[in-house]
Amino acid sequence: MRCPHLTGDLRCTLFGQPERPSTCIGFRPEPEICGRSADEAMATLVSWERLTRPK
Ligand code: SF4
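A brief look at the structure comes next. As the structure is a prediction and not an experimental result, all values here were calculated from the model. (Residues numbered from 1 in each chain as written. Predicted model: local features only at pLDDT ≥ 70, side-chain atom pairs only at ≥ 80, totals over all residues. Heavy atoms only, no water.)

### A short note on the overall build of the protein
Stage number 1. Scanning the protein for helices and strands turns up three helices and zero strands.
Stage number 2. Helices (α) and strands (β) of the protein occur, in sequence order from the N terminus, as α-α-α.
Stage number 3. Projected onto its principal axes, the C-alpha coordinates of the protein cover approximately 35 × 25 × 20 Å.
Stage number 4. Counting the 55 residues in the protein, one finds 7% classified as buried.
Stage number 5. As displayed, the protein has an accessible area near 5,200 Å², and 59% of this comes from carbon and sulfur atoms. (Helix = DSSP H or I, 4+ residues; strand = E, 2+ residues; numbered from the N terminus. Buried < 20%, exposed > 50% of the residue type's maximum accessible area, 1.4 Å probe, protein only. Areas by Shrake-Rupley, 256 points an atom, 1.4 Å probe, with all protein chains shown as cover.)

Right, here's the structure in full:
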């Protein structure tokens, strides 16, 4: 599910705001996670969701 704070041009409307979740503040992008595009990042996320789905 897409974050409700993400704009159509992939910007965070909470960036720099105190309401921004600590998980987001602490996240450090890595090529292994983000790939080279939003599509690659989504494919990785979907893959990890499948791999870690409860049985
Ligand atoms: S950084 Fe966090 S709050 Fe901002 S758009 Fe991404 S997931 Fe949403």
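### Structural notes on the pattern of salt bridges
Stage number 1. Enumeration over the complete set of coordinates arrives at one salt bridge.
Stage number 2. One salt bridge connects R11 with D9, and the closest N-O pair in it is separated by 3.4 Å. (Salt bridge = Lys/Arg side-chain N within 4 Å of Asp/Glu carboxyl O.)

### Things to note about the site of the ligand
Stage number 1. Lining the immediate surroundings of the ligand are C3, H5, L6, C12, R20, P21 and C24.
Stage number 2. Of the residues that constitute the shell around the ligand, the class distribution is five nonpolar, one polar and one charged. (Near = heavy atom within 4 Å. Nonpolar A, V, L, I, M, F, W, Y, C, P; charged D, E, K, R; others polar.)

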